[in-house]
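# Coordinates in review
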Amino acid sequence: MHIESPKTTVNKSQEELFNFLSDVKNFESIMPENTSMFEVLTDTKFAFALKGMPEIVLELKEKNEFDRVVLGAANNKLPFTLTADIQPVDGTTSEVGLSFEGEFNAMMGMMIKGPITSFINTLTENLGKL
C-alpha cells in the first residue's frame, strides 16, 4: 500500500525542518487532535494512539541530510514506513510531502487506508502551520 500526502510549504529552511523531524519528541506538536496518547520512549522512538485505534510505536529508521527522514514500525507484525521528503524553496522555507508504505493483506488494507490517509494529511497540514 502506498499513500502520499499533498506537499505543503513550511516556514522553516530545509535544514531546520529536517532537524525538527529528526527529533521524535517534536511529533507531538503535529499530531491530530484525536490523539489520545503520545509518549517518547527513547531518543529515536515514540508511541502514540488515536482515539479508537491501537497504539502504534514508530522509530527513526533513516535520515538523509537534509532531504529525507524515515520513520518505521518498531515491530515487524505490521511493517510500514512513513517518509518525509523535504525540498528547499528558498533560504527560509521548504516543501514537505509525507508518504506511507506498508504491506498488508487486502482486508487490512481496506480497513486502514482511510484512517492512514487522514493521519498523514493532518501531519502535513500541521507542518504547514509551523
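Here the structure is a predicted model, which means the values were calculated and not measured. (Residues numbered from 1 in each chain as written. Predicted model: local features only at pLDDT ≥ 70, side-chain atom pairs only at ≥ 80, totals over all residues. Heavy atoms only, no water.)

### With respect to the overall build of the protein chain
The condition is simple: Helix and strand definitions follow DSSP, with helices as H or I runs of at least four residues and strands as E runs of at least two, each counted in order from the N terminus. Just to be clear, the radius of gyration here is over C-alpha atoms, and the globule rule we use is 2.2 Å times residues to the power 0.38. For the exposure calls, accessible area comes from a 1.4 Å probe over protein chains only, and a residue counts as buried if that area is under 20% of its type's maximum, exposed if over 50%, partly exposed in between. Any two residues whose heavy atoms approach within 4.5 Å at even a single point are treated as in contact. Accessible surface area values rest on a Shrake-Rupley calculation with a 1.4 Å probe, where residue burial reflects the displayed protein chains alone. In summary, the charge assignment counts Lys and Arg as positive and Asp and Glu as negative, without counting His or the chain termini. Charge positions come from single atoms, namely NZ of Lys, CZ of Arg, CG of Asp or CD of Glu.
For the protein chain, the count of helices and strands is two helices and eight strands. Reading the secondary structure of the protein chain in the N-to-C direction produces β-β-α-β-β-β-β-β-β-α. Relative to its length of 130 residues, the protein chain is compact, with a C-alpha radius of gyration of 14 Å against a globular reference of 14 Å. The dimensions of the protein chain, computed from C-alpha atoms along their principal axes, are 45 × 30 × 25 Å. Burial status across the protein chain gives 42% buried among its 130 residues. Counting only contacts in the protein chain whose residues sit at least 6 apart along the sequence, the fraction spanning at least 24 positions is 47%. Surface accessibility of the protein chain: about 7,300 Å² in total, with carbon and sulfur atoms responsible for 49%. Charged side chains in the protein chain number 11 positive and 19 negative. The centres of these two groups are separated by 5 Å.

### A look at the pattern of salt bridges
The condition that has to hold: Note on definitions: salt bridges are taken to be side-chain nitrogens of Lys or Arg within 4 Å of carboxyl oxygens of Asp or Glu.
Overall, the coordinates contain three salt bridges when judged by the stated rule. For D23, the salt bridge is made with K25, and the minimal N-O distance between the two is 2.6 Å. For K25, a relative accessible area of 49% translates into the label partly exposed. Here R68 and D85 are joined by a salt bridge, their closest N and O atoms 2.9 Å apart. Of the two residues, R68 is situated in strand β6 (residues 68-73) and D85 in strand β7 (residues 80-88); the sequence distance between them amounts to 17 residues. Its relative accessible area of 33% is what places R68 among the partly exposed residues.

### Quick word on the nonpolar core
Put simply, the test is: What we call a nonpolar core is a set of buried Ala, Val, Leu, Ile, Met, Phe, Trp, Tyr and Cys residues that are connected through their side-chain atoms within 4.5 Å.
If you look at the biggest cluster of nonpolar residues, it comprises 33 residues, and the most contacted ones within it are L17, L21, F46, F48, F119 and L127. Only α1 (14-22), β4 (45-50), β5 (56-64), β6, β7, β8 (94-102) and α2 (106-128) provide two or more residues apiece to this core. Broken down by element, the residue count for this core peaks at six residues, all from α2.

Functional significance is not addressed by these values, which are geometric in nature.
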